[in-house]
Amino acid sequence: MKKDNCTAMLVGKDASIDGSTMIARDEDGYAGINEKLFVVNKAKHYDENYVSKYNGFKMHLEGDGCKWTAAPTADSSEGRWDEQGINEYNVAMTATETEATNARCLGHDPLVKNGINEDAMLYITLPFVKTAREGVKRLGQLIEKYGTGETNGIAFSDNKEVWYFETGAGHQWVAARVPDDSYAICPNIMVIQKIDFDDPDNFMFASTIRDFVKKNHLNNSNDGSFNFRNIFGTQDEADAFYNTPRIWYGQKLFNPSIEQDPTSQEMPFTRKPERKIGIEDVQKFLTSHYNGTPYDPMDTYSSGDKKDQKKFRSIALDRNQESSILQIRNNVPARFAAIQWINMGFYAYSPYVPFYTNIEDTPLNYKIAEHTVDPDNSAYWLYKTLQVLVEPRFHQYVYQVNAYRDDCQSYGIGRVEKTDQAAEDMDQEELVKYLTTANDQTAGVITKKTKALMSDLIRQALNSSKYQFERGDNL
C-alpha cells in the first residue's frame, strides 16, 4: 500500500486571507482504488504494545491521548494509514509526502525495515501533542529511537505555526518553520534547504545529524552551509519531470510575476505570495492539472502538443483518493476554529466539504467504504463513481462540473459562516453535539447536489450515445 504520489501545500497565517494557518495534502496511491474514510477517534488512555500490520514496527504506546480526526484506509489489514487530521487542541498533522534519500547517505544510515512508517505516524503522534512544535519534537525523538523505513515529509500546524518535517536516512531528520508570511509547495522530493542550527525558533533537527554529516563527509557545499536538500536529496532526472514541475506550477499560481523552469531543482522551499491565499486558492492548486499550460494532460490548452501533455506528472490523476485542507482559524473562538475540508475521488471533479473537527462522530456515508462499489451509502464511492462518469466525456461535462464545484464551495462557505454564528454562545457539551449535527447536514446537502449532477450527466450520456441509427441514416 506504499504511496509516493502525494502533493502538499502549507500556508502561514499572515499569508492567508483570513489569518488561518493551513496545511493541505492530496493522498494518492499506486492504483486507482484505495477506499478511504473520515473518522473521529475518542480521547482515551493508551497502554498498548502497538504493532504495525504494514511492516511490523513495534513500540509500547502509553499516556493520555486526546480526541483526533483521521482519514484512514477502510481496509485495515495492511495497517491504519490515518493520513491526516486535527486533534482537540487544534493541532493538525498530515503524513506523509513520500520522498527519497540519495545512496551516499543511505550507505551510512540505511532505512530501518521495521521502523516508523507512514501507516503509523499519526496514531503514535497526534493524540499526544498540544502544539505543532510538540508534534515535531515527539515524532523526531521517536524516529531517532526506532528509525524509519521511508524517506518522508510531514506537516504540523496549530493556530500560530506551520512546520515541515523531513526524514533523511534511517535516523536523520530536520524540520523548518514556514514563515508566517509565506507558503510552501511540497511534492515527492526533499524541499527543505539551509538549516540554521542556532535558530531554534525556526529549525529543529535530529541530535545526531551534524556529527553524522561531518563524520561521513556528506556536506557538499562550498561555503560550509548546511543544505539539507543538497546533502540528503536525490535530484535525479526523474525528479525533474515527476516532482519539480508541481512546485513550478504552484509558485506560478501564487507568484505569477516570477519566471522559472519547470524542471529546475533550485526553486526555493518557501515564497511570499503576491496576493493573500484563501481556501479556494489551495483547492485550485490541489485539484490542478497544469491548467492553462501546454502540459495539461486534459488537452485544454489551445496549442497544446500531445508530447508536452504527457511530459510532467499531474496533480489530478486517476490515483487520487482523499485530499484534506486542515485549517486552523484565528478569527473565531478556538472551540470551533478547526475545519478539515475533505475531497474524495478525482480531485478535479469533486468538491471540498468543510467538516468541523470538535465533534463526537462523522457523517455516516464518510464512515463506509467497502470493496463493493456503493455510491448510495459511501462518500468515497460516490465521488469515485463521479470520476468514472466524467472522464470519458471531460470536454462535454467540464463546465457543468466546475459550476457544480463552485456551487458546493459557495454552499460550504455559507454553512461555515452560519454555523460559526450559531455556535458562538454554546457550552462545550452542546457545541460538540451541534457541530456533529451540522457536519451531517453539510454532507447531506452536498451529497444530494452530487447525486443530482450525476443523474443529469447520465441522462446526457444516454442521449448522446454514438450507437444510434435512424431510418434513412444509410441513405
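Reading the values: the criteria
- Residues numbered from 1 in each chain as written.
- Predicted model: local features only at pLDDT ≥ 70, side-chain atom pairs only at ≥ 80, totals over all residues.
- Heavy atoms only, no water.
- Core = buried A, V, L, I, M, F, W, Y, C linked by side-chain atoms within 4.5 Å.
- Buried < 20%, exposed > 50% of the residue type's maximum accessible area, 1.4 Å probe, protein only.
- Contact = heavy atoms within 4.5 Å.
- Phe/Tyr/Trp six-rings, centres within 6.5 Å; stacked < 30°, edge-to-face > 60°.
- Salt bridge = Lys/Arg side-chain N within 4 Å of Asp/Glu carboxyl O.
- Helix = DSSP H or I, 4+ residues; strand = E, 2+ residues; numbered from the N terminus.
- 1 Å grid on protein atoms, 1.4 Å probe; cavity = no way out; pocket = protein on both sides within 12 Å on 5 of 7 lines; lining within 4 Å.
- Points joined across faces, edges and corners; volume = space filled by probe spheres on them.
- Nonpolar A, V, L, I, M, F, W, Y, C, P; charged D, E, K, R; others polar.

Trainee: Just checking my understanding: could you explain the nonpolar core for this structure?
Mentor: In summary, soluble globular proteins display a tendency toward joint burial of nonpolar side chains. Membership of the largest hydrophobic core comes to 135 residues, with the highest contact counts inside it found for Phe-232, Tyr-366 and Tyr-383. With near-sequence residues (within four places) excluded, Tyr-366 lies in contact with Leu-37, Phe-38, Ile-342, Met-344, Val-353, Phe-355, Ala-379, Tyr-383 and Ala-443.

Trainee: Help me understand the packing of aromatic side chains in this model?
Mentor: Within a pair of aromatic rings, the relevant descriptors are the distance that separates the centres and the angle that separates the planes. In this structure the tally under the stated criterion is 26 aromatic pairs. An aromatic cluster of at least three residues, connected via ring pairs, comprises Tyr-46, Tyr-50, Phe-57, Trp-68, Tyr-123, Phe-128 and Tyr-146.

Trainee: When you look at the pattern of salt bridges in this model, what are you seeing that I'm missing?
Mentor: Opposite charge on two side chains permits pairing when their charged atoms draw close. Under the criterion given, the structure shown has 16 salt bridges. Across the salt bridge formed by Arg-133 and Glu-161, the nearest N and O atoms sit 2.8 Å from each other. One end of the pair, Arg-133, is in helix H3 (residues 132-146); the other, Glu-161, is in the loop between strand E9 (152-157) and strand E10 (162-168), and 28 residues separate them in sequence. For Glu-161, a relative accessible area of 13% corresponds to the buried category. For Lys-449, the salt bridge identified is with Asp-407, shortest N-O distance 2.8 Å. Taken together, the residues span a long stretch of sequence, with Lys-449 in helix H12 (residues 428-463) and Asp-407 in helix H11 (residues 394-423) at a distance of 42 residues. Residue Lys-449 is classed as partly exposed on the basis of its relative accessible area of 25%. Its relative accessible area of 37% is what places Asp-407 among the partly exposed residues. By sharing partners, the salt bridges in this structure join Arg-133, Glu-161, Arg-177 and Asp-180 into a single network.

Trainee: Got a minute to help me understand empty space enclosed by the protein in this structure?
Mentor: One simple way to see leftover space: roll a probe sized like a water molecule over the atoms. Within the structure shown, the criterion is met by one cavity of 30 Å³ or more. Quantified by volume, the largest cavity comes out at close to 60 Å³. Here the lining of the largest cavity is built from residues that sort into four nonpolar, three polar and two charged.

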